[in-house]
Amino acid sequence: MNNKITSGLDALDYSELRQFPERSSLWLLDTWYNLRGLVQLVDSPIVPYLDFENAVQQETTFISRDLRKEESDLLYSVPVQGVGKSEAERETLPIYVLVEHQSSVDSLMAYRLHSYMSQIWDRNLSEHKSKSLPLSEWRLPTVIGILFYTGDRRWSAPLSLRELSTPRGPFDVYVPECRFLLLDVKHTSAETLTGPDHPLGWGLTVLQQEHESEAALRSAIVSTVERLLSLGPDEANQRDKVLSYLYMLIFGRRPREEREGLVHVIHDLIEDKSLRAKEESRVQTIAQSLFEDGMKAGEQRGIEIGEQRGEQRGEQRGIEIGEQRGIEIGEQRGIEIGEQRGEQRGEVRAKREVTLKTLHTRFDDVPDELTRKIGRMRSLKRLDAIFTQVLEAQSLEDIEW
């Protein structure tokens, strides 16, 4: 692992990255094969009836009743396929699969999910109207709601409108059932998660240990990585997705003194030299991204960084951050000034450099026009968006530039 990146990460306390659960969980589930793995865990009998390979991710911003946007969801339209039918006989009616991520218990989750479902129906009916479909042919699509819960407390809130409503007894018939599926990751046995032998389930066994001892986490990592490395060439994308998630979890949730050792646990299991080199490059890219995000914390965070880095960064760090003020002012003063300057100049320059480096590392024959365009960018927000695309894109065509 690159020493510069390692030392930078050691100095940043990423265990406090509050957005890690939401960002990483949605990123992990934004592929059709991990969607299939999730459905296998919560309702395996319906898996053969869904054509996951042709699933299409839909727009996912819902408006709650208090007019706040909710963007912690994934929505897929998945074609129905008949078991034993020929390709020509395959049904094309889509089933919608709505995945809601939660890291804390929400007592009104059943109501929230139902409100999202209503918005999906509204959208679908509007499409019927725009196509001038006869009213007699209007139908509501099936929506399967899945709650992907990663909190430490056991989920205890109602999972259906009927459970949430009162009174009961003879009046239940007037309240729709609308039951939602639940995967309570922390309170599902590891045997259940790994039962389907899907990479997603193996990755989630590591998430179960995110707050446990280093030894427990190491054991989960070893079991998961050994299984991932046994996957065939056709499943390389699934392996890479889960491995990247493990790096994010290590840097996002574990103490800084454990991170390098935990990453080495993964890399030491990889016997293929080319794959090991690829993973070392991948973890450096993820680490650099986290490093850049951490540098936005401002002057106070800069002082804390300076105290942690201290003599480890030494003269070189003083030169990089102090610049015009010089080494004699000292690293502490240099960090304070560097943070002030960094917000105005350093962040944009560093983000351009890491974006270009990652782009040329991941892809061959990068168009000169794209390189020049990134080199001229001055908006940190735009650079962040381009960097995320470069990191996750499968080809240059996936980058919206």
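Everything numeric here is computed off the predicted structure, so don't read it as measured data.

Peer 1: For the nonpolar core, give the residues involved together with the corresponding values.
Peer 2: In this structure, Leu183, Leu204 and Ile221 are the most contacted members of the largest nonpolar core, which totals 51 residues. The greatest single-element share of this core, amounting to nine residues, is contributed by helix H9 (residues 236–253). Other than its neighbours up to four places away in sequence, leucine 183 contacts Leu38, Leu41, Val42, Leu147, Phe148, Tyr149, Thr188, Leu193 and Leu204. Counting residues in each nonpolar core, the second largest holds 19 residues, with Ala157, Leu159, Val175 and Phe180 among its members.

Peer 1: Tell me what's going on with the side chain of threonine 194, and back it up with residues and numbers.
Peer 2: Within the element layout of this structure, threonine 194 appears in helix H6 (residues 190–194). Polar contacts involving the side chain of threonine 194 include one to the main-chain carbonyl oxygen of glutamate 191, which spans 3.5 Å. When residues no more than four places from it in sequence are discounted, the contact partners of threonine 194 are Gly201, Trp202 and Thr205.

Peer 1: Residue-level account of the sheet that holds strand S7 (residues 181–184), with values.
Peer 2: Across the sheet, which stays open at both edges, the five strands sit in the order S1-S4-S5-S6-S7 with mixed pairing between neighbours. Pairing within the sheet leaves two strands with one partner each, and these edge strands are strand S1 (56–57) and S7. Of the strand pairs in this sheet, strand S5 (residues 94–102) and strand S6 (residues 143–149) are connected by seven bridges, and their pairing is parallel. Looking at the pairing, valine 99 lines up with isoleucine 146 of S6.

Peer 1: Tell me about the packing of helix H8 (residues 214–229) against H9, residues and numbers included.
Peer 2: Relative to each other, H8 and H9 sit at 165 degrees, their axes nearing to 10 Å. By the angle between their axes, H8 is roughly antiparallel relative to H9. Here the hand of the crossing between H8 and H9 comes out left-handed. Only Arg239, Val242, Leu243, Leu246, Leu249 and Ile250 of H9 make contact with H8, whose side of the interface consists of Leu217, Ile221, Thr224, Val225, Leu228 and Leu229. By residue class, the composition of the contact of H8 with H9 is 10 nonpolar, one polar and one charged.

Peer 1: Report on a nonpolar patch on the surface, specifying residues and quantitative values.
Peer 2: Among the surface-exposed residues, Leu108, Tyr111 and Leu164 lie close enough to one another that they form a single nonpolar patch of about 250 Å² accessible area. Along the chain, the position of tyrosine 111 falls in helix H4 (residues 109–130).

Peer 1: Can you lay out the pairing of S6 for me, pointing to particular residues and giving the numbers?
Peer 2: Looking down a regular strand, the side chains alternate between one sheet face and the other. Among the seven residues in S6, seven count as buried, and that is most of the element. As a crossover connection, the stretch from S5 through H4 into S6 is right-handed. Of the pairings in the sheet, the one linking S6 to S7 comprises four bridges and is parallel in character. Across the sheet, the residue bridging to tyrosine 149 is aspartate 184, located in S7.

Peer 1: Tell me what's going on with the pattern of salt bridges, and back it up with residues and numbers.
Peer 2: One pass over the structure, following the stated rule, counts 17 salt bridges. Of the charged contacts in the structure, one is a salt bridge between glutamate 177 and arginine 162, with a shortest N-O distance of 3.5 Å. Pair noted here: glutamate 177 is in the loop between helix H5 (161–164) and S7 and arginine 162 is in helix H5, with a separation of 15 residues, a long-range link. The class for glutamate 177 is partly exposed, based on a relative accessible area of 31%. One salt bridge connects glutamate 258 with arginine 254, and the closest N-O pair in it is separated by 2.9 Å. Taken individually, glutamate 258 and arginine 254 each receive the classification buried, so the pair is uniform in this respect. Within this structure, Arg239, Asp240, Lys278, Glu279 and Arg282 form a network of salt bridges that share partners.

Peer 1: So what's going on with the packing of aromatic side chains? Which residues, and what values?
Peer 2: Evaluated as defined, the whole model comprises two aromatic pairs. Ring plane angle 75 degrees and centroid distance 5.7 Å describe the contact between tryptophan 32 and tyrosine 33, whose orientation is recorded as edge-to-face. With a relative accessible area of 27%, tryptophan 32 lands in the partly exposed category. Judged by its relative accessible area of 10%, tyrosine 33 falls in the buried class. Arranged with centres 5.0 Å apart and planes meeting at 70 degrees, the rings of tyrosine 149 and tryptophan 155 form a pair that is edge-to-face. The exposure class of tryptophan 155 is buried, given its relative accessible area of 8%.

Peer 1: I'd like a rundown of H8, residues and numbers included.
Peer 2: Between its first and last C-alpha atoms H8 spans 22 Å; for 16 residues at 1.5 Å apiece the expected length is 22 Å, and the two agree. When we look at burial in H8, the residues that qualify are Leu217, Ala220, Ile221, Thr224, Val225 and Leu228. Summarising the axial view, the buried residues of H8 lie within an arc of 125 degrees, below the 170-degree limit, and thus occupy one face.

Peer 1: Describe the environment of alanine 110, naming the residues involved and giving the relevant values.
Peer 2: Counting through the fold element by element, alanine 110 comes out in helix H4. The class for alanine 110 is buried, based on a relative accessible area of 1%. Along the primary structure alanine 110 and leucine 164 are separated by 54 residues, whereas in three dimensions their C-alpha atoms are 7.4 Å apart. In contact with alanine 110, not counting residues within four places along its chain, are Pro158, Leu159, Ser160, Leu161, Leu164 and Phe180.

Peer 1: Residue-level account of unusual backbone geometry, with values.
Peer 2: Across residues other than glycine, the phi torsion is negative in most instances, and most of the peptide bonds are trans. Here the phi dihedral of cysteine 178 falls at roughly 45 degrees; this positive angle occurs in a residue that is not glycine. Phi angles above zero are rare outside glycine, and aspartate 365 is one such case at about 55 degrees. Within the secondary structure layout, aspartate 365 lies in the loop between helix H14 (331–362) and helix H15 (368–376).

Peer 1: Account for a positive patch on the surface, naming residues and giving values.
Peer 2: Where like charges cluster on the molecular surface, the positive patch consists of Arg372, Lys373, Arg376 and Arg382. Examining the composition of the positive patch, we find that three residues originate from one element, H15, more than from any other. Mapped onto the fold, arginine 372 is located in helix H15.

Conventions we followed
- Residues numbered from 1 in each chain as written.
- Predicted model: local features only at pLDDT ≥ 70, side-chain atom pairs only at ≥ 80, totals over all residues.
- Heavy atoms only, no water.
- Core = buried A, V, L, I, M, F, W, Y, C linked by side-chain atoms within 4.5 Å.
- Buried < 20%, exposed > 50% of the residue type's maximum accessible area, 1.4 Å probe, protein only.
- Helix = DSSP H or I, 4+ residues; strand = E, 2+ residues; numbered from the N terminus.
- Contact = heavy atoms within 4.5 Å.
- Polar contact = N/O pair within 3.5 Å; in protein donor to acceptor, adjacent residues only side chain to side chain.
- Pairing = 2+ DSSP bridges.
- Axes fitted to C-alpha atoms, helices over the stretch in contact; angles between N-to-C directions.
- Parallel < 35°, antiparallel > 145°, perpendicular 65-115°, else oblique.
- Left-handed = near helix turned anticlockwise from the far one by under 90°.
- Nonpolar A, V, L, I, M, F, W, Y, C, P; charged D, E, K, R; others polar.
- Patch = residues over 30% accessible without salt bridge, like charges linked within 9 Å, V, L, I, M, F, W, Y side chains within 5 Å.
- Areas by Shrake-Rupley, 256 points an atom, 1.4 Å probe, with all protein chains shown as cover.
- Salt bridge = Lys/Arg side-chain N within 4 Å of Asp/Glu carboxyl O.
- Right-handed = clockwise from strand over helix to strand, strands pointing away.
- Phe/Tyr/Trp six-rings, centres within 6.5 Å; stacked < 30°, edge-to-face > 60°.
- Expected span 1.5 Å × (residues − 1).
- Arc of directions from axis to C-beta.
- Lys, Arg positive; Asp, Glu negative; His and termini not counted.
- Charge placed at Lys NZ, Arg CZ, Asp CG, Glu CD.

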